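For reference, the chains in residue letters:
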Amino acid sequence: MPASKATVTKRAAVIKALAHPSRLLIAESLMEGEMCVCDLKDLVGADMSTVSKHLTLMREAGVLVCEKRGLNIYYRLVCDCLGDFLRCVDQLSRRSPKPKAKTCC
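Owing to the predicted nature of the structure, the values given are computational and were not obtained by experimental measurement.

Within an α-helix, residues lying three or four positions from one another point in the same direction, as the helix has 3.6 residues per turn. For helix H2 (residues 21–30), the complete set of buried residues consists of Ser22, Arg23, Ile26, Ala27, Ser29 and Leu30. Along the axis of H2, the buried positions cluster into a sector of 165°, meaning they face one direction only.

The structure is reproduced here in structure tokens:
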């Protein structure tokens, strides 16, 4: 039975939050542990305003949480399973357009 409309909508929001090269780079970096927003800015190579927009979108989708410590804000992933999801995406991206089998991972 397919998921409810509300569940599908929430899933789409999470996928959308990851569907940008800079946001994927942020998420993959956070798989190693929390990072300060200033380090994420340097990693992405964009201005603070752009990085803040990416982080806000990811936080609102429930992908990230943040904590302010002094003058710095630190971000971390909410779940540990993102690596599994990305490995599955990698498998899909390596496949030919007409897969022979129904499974990828």
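On to the packing of H2 against helix H4 (residues 48–60), then. In contact at an axis separation of 10 Å, H2 and H4 are set at 70° when each is read in the N-to-C sense. By the angle class used here, H2 and H4 are roughly perpendicular. Our pair here, H2 against H4, has a crossing hand that is right-handed. When H2 is examined against H4, the residues Ser22, Arg23, Ile26 and Ala27 are found in contact with a partner set consisting of His54, Leu55, Leu57 and Met58. The class makeup of the residues in the contact of H2 with H4 is five nonpolar, two polar and one charged.

Bringing the pattern of salt bridges into the picture now. Under the defined criterion, the tally for this structure stands at four salt bridges. Salt-bridge contacts for Lys41 lead to Asp42; the nearest nitrogen and oxygen are separated by 3.7 Å. Here Glu67 ties to Arg69 by a salt bridge, and the two come within 3.2 Å at their closest N and O atoms. Through salt bridges that share partners, Glu34, Glu67 and Arg69 make up one connected network.

Moving on to the packing of aromatic side chains. Counted according to the given criterion, the structure contains zero aromatic pairs. When the ring centre of Tyr74 is taken as origin, the NZ or CZ atom of Arg69, which lies over that ring, is 4.4 Å away.

Moving on, we come to the sheet that holds strand E2 (residues 64–69). Pairing within the open sheet is antiparallel, and its three strands lie in the order E1-E3-E2. The open sheet has two free edges, formed respectively by strand E1 (35–36) and E2, since each of these has just one partner strand. With two bridges joining them, E1 and strand E3 (residues 72–77) adopt antiparallel strand pairing. Each residue of the ladder has a partner; that of Cys36, found in E3, is Tyr74. Each of E2 and E3 is contacted by H4, which is oriented at about 120° to E2, the strand it contacts most.

Cut-off values and rules
- For every chain, the first residue of the written sequence is number 1, and numbering continues from 1 onward in sequence order.
- For this predicted model, a pLDDT threshold of at least 70 governs which residues receive local features, and a threshold of 80 or more governs which side-chain atom pairs are given and counted, while totals over whole chains, interfaces and linings are taken from all residues.
- Think of the side-chain values as coming from all heavy atoms in the structure, minus any hydrogens and water.
- Only protein chains enter the accessibility calculation, which uses a 1.4 Å probe. A residue is then buried if its area is under 20% of the maximum for its type, exposed if over 50%, and partly exposed in between.
- Each helix corresponds to a stretch of at least 4 residues labelled H or I by DSSP, and each strand to a stretch of at least 2 residues labelled E; elements are numbered beginning at the N terminus.
- Note that the arc is defined by the directions from the helix axis to the C-beta atoms.
- Fitting a line to C-alpha atoms yields each axis, with helices limited to the stretch in contact; the angle taken between N-to-C directions then spans 0 to 180 degrees.
- Each angle gets one of four labels, with under 35 degrees taken as roughly parallel, over 145 as roughly antiparallel, 65 to 115 as roughly perpendicular, and the rest as oblique.
- Handedness of a crossing is defined here by the sense of rotation of the near helix relative to the far one, left-handed for an anticlockwise turn of less than a right angle and right-handed for a clockwise turn.
- Note on contacts: a residue pair is in contact if any heavy atoms of the two residues lie within 4.5 Å.
- Under this grouping Gly is polar, as are all residues other than the nonpolar Ala, Val, Leu, Ile, Met, Phe, Trp, Tyr, Cys and Pro and the charged Asp, Glu, Lys and Arg.
- Between Lys or Arg on one side and Asp or Glu on the other, a salt bridge is scored when a side-chain nitrogen of the former is within 4 Å of a carboxyl oxygen of the latter.
- Pairing of aromatic rings covers Phe, Tyr and Trp, the last through its six-membered ring, and needs centres within 6.5 Å; plane angles under 30 degrees mean stacked, over 60 mean edge-to-face, and all others mean tilted.
- By definition, being over a ring means that NZ of Lys or CZ of Arg is both within 6 Å of the ring centre and within 35 degrees of the ring normal.
- Should DSSP find at least two bridges between two strands, the strands are taken to pair.

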